[in-house]
Each structure stands twice: as C-alpha cells, then as structure tokens.
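Understanding the architecture of this molecule
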Amino acid sequence: MSHFISFVRIPALAIRQHIRPLAPLGVLEEDRIQMHVWPQDIDFNLHMNNARYLSVMDYARIHLLARGRLLEHIVRSRWQPLVGAVWMTYRRSLPLFSAFTIASRLMCWDDRWFYIEQKFTIRDSLAAVGWVKGMLRDARGSVNPQEPLERVTPGVISPPMPDAIAQWNELTREKLQGGDS
C-alpha cells in the first residue's frame, strides 16, 4: 500500500506545484520536510522499514526539485529522473507514529550525475543519512545536469565534490565492472 501512496503522492506534488507552487529555494539550499511514521511504514520491529526510507527519499527529492524550480523544466522537457546508486547508513530507529524531518540538498554534480544528501532526524538527532546519485535522461540519453540548473540559476557551478562522494562513486564504478573489493 505504501508504494501506491508514493505513486499518488509524487504526481500530486507535481500538480500542486503547477497550481500553487511551494516557496522557492536556491538550487544549493537545503529542503526540509516534516513527516510521521505511519502503520504502513513499519516492519515487525514497529519502526520504519529500511525500504520505506528509500520511498520517503524519492518523495523528498521531488519536493527538492519542486522548491528548486527544476521540476517544471524536467516535466516540460520530458526528462526522466533516474537513480544510479544509493548509499544508506542507519543510526537510530524511527518508531511508529514518531515525527521526523528529512532534509535534502544537492551536494554537487558532474557531467552526468547529481549527488544528493538526505538526512533523517528525530528530535534533532540523526537517525539516518543517505546519498543518492541521480540523473536525468531523455530519448537521446543522459542530460548534463548543468543544462536544467542553468535554466533556473544561470552561471551556477558545482561545489567541489567531497572526497567521500568521489570514493563512493569510484567504488560504485568498480562494483559495476565486477571488482572484488
């Protein structure tokens, strides 16, 4: 059922953004959403299921795109947002009915990928953190991230890629090429 909710919730956000836009953010600013853990989100331990974190992160990234004024360009250009890799670390549980915040921010980008950090907090304590490597694709292939970013913030340049992201990116490439380490 929770996947159905995401299937409805994300398009509803896109429609809402067209009718009554969310307050805009700069492309490098952090977006924060307050949410709750509901019964459809939990596992047998009565805390948020690890797979549900990824669904919540999907919604939060679309929210970030909407507030960063990128969503309308993505929809209009018929670009598909795709995830290439996710790295996730869990620190503490999000119990049933608890309120939590998910904060999303664009960390950097290269000629193919956006790198987004998403943090879950409960009562101002870190619960989980994830990094997402995402891209936009059209009928010709991948879209250089600079293209949509230029549409909303002409002249914007990527912050330097953190060493940890570069190492994760290299490990991902190595794993996809069949590396053992």
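First things first, this report covers the structure right here in the doc. Fair warning: this is a prediction, and the values are worked out from it, not measured in the lab.

**Describing the environment of Trp79**
Relative to the elements of secondary structure, Trp79 occurs in the loop between α3 (71-77) and β2 (80-90). With 63 residues separating them in the primary sequence, Trp79 and Ser142 have C-alpha atoms 9.0 Å apart. Ignoring any residue separated from it by four or fewer positions in sequence, one finds Trp79 in contact with His73, Ile74, Leu136, Arg137, Asp138, Val143, Glu147, Pro148 and Arg151.

**Here we look at the pattern of salt bridges**
Under the counting rule described, the total for this entry stands at nine salt bridges. Measuring nitrogen to oxygen at the nearest pair gives 2.4 Å for the salt bridge that ties Arg61 to Asp58. Of this pair, Arg61 and Asp58 both sit in helix α2 (residues 50-67), three residues apart, roughly one helical turn. For Arg61, a relative accessible area of 12% corresponds to the buried category. A salt bridge links Glu117 to Arg105; the shortest N-O distance between them is 3.1 Å. One end of the pair, Glu117, is in strand β4 (residues 114-122); the other, Arg105, is in strand β3 (residues 99-109), and twelve residues separate them in sequence. Given a relative accessible area of 29%, Arg105 falls into the partly exposed group.

**Observations concerning the nonpolar core**
A general feature of soluble globular proteins is that nonpolar side chains tend to end up buried together. Of all hydrophobic cores here, the largest spans 39 residues; its most connected members are Met48, Leu94, Phe100, Ile102, Phe120 and Leu149. Secondary structure elements with two or more residues in this core: β1 (31-36), α2, α3, β3, β4, β5 (125-138) and α4 (146-152). Element by element, the count of residues in this core is highest for α2, at nine residues. With near-sequence residues (within four places) excluded, Leu149 lies in contact with Val27, Leu70, Leu106, Trp109, Phe114, Pro154 and Val156. With nine residues, the next largest nonpolar core counts Met107, Cys108, Met135 and Trp168 among its residues.

**Some thoughts on the side chain of Lys133**
Counting through the fold element by element, Lys133 comes out in strand β5. Although Lys133 lies buried, it forms no salt bridge, and the closest oppositely charged side chain, Asp110, sits 6.6 Å away as judged by the N-O distance. Not counting the four nearest positions on each side in its chain, Lys133 is found in contact with Leu82, Val83, Gly84, Ala85, Trp113, Phe114, Tyr115, Trp168, Asn169 and Thr172.

**Quick look at helix α5 (residues 163-176)**
Taking 1.5 Å as the rise per residue, α5 with 14 residues should run 20 Å; its terminal C-alpha atoms sit 20 Å apart, in good agreement. When α5 is considered as a whole, its buried residues turn out to be Ile165, Trp168, Asn169 and Thr172. Here the buried residues of α5 occupy an arc of 100 degrees about the axis, which is enough to place them on one side. Exposed and facing more than 90 degrees away from the buried side of α5 are Asp163 and Gln167. Those residues of α5 that are buried are in contact with β2, β3, β4 and β5. Directly beyond the C-terminal end of α5, a positive phi value near 90 degrees is found at Gly178.

What counts and how
- Residues numbered from 1 in each chain as written.
- Predicted model: local features only at pLDDT ≥ 70, side-chain atom pairs only at ≥ 80, totals over all residues.
- Heavy atoms only, no water.
- Helix = DSSP H or I, 4+ residues; strand = E, 2+ residues; numbered from the N terminus.
- Contact = heavy atoms within 4.5 Å.
- Salt bridge = Lys/Arg side-chain N within 4 Å of Asp/Glu carboxyl O.
- Buried < 20%, exposed > 50% of the residue type's maximum accessible area, 1.4 Å probe, protein only.
- Core = buried A, V, L, I, M, F, W, Y, C linked by side-chain atoms within 4.5 Å.
- Lys, Arg positive; Asp, Glu negative; His and termini not counted.
- Expected span 1.5 Å × (residues − 1).
- Arc of directions from axis to C-beta.

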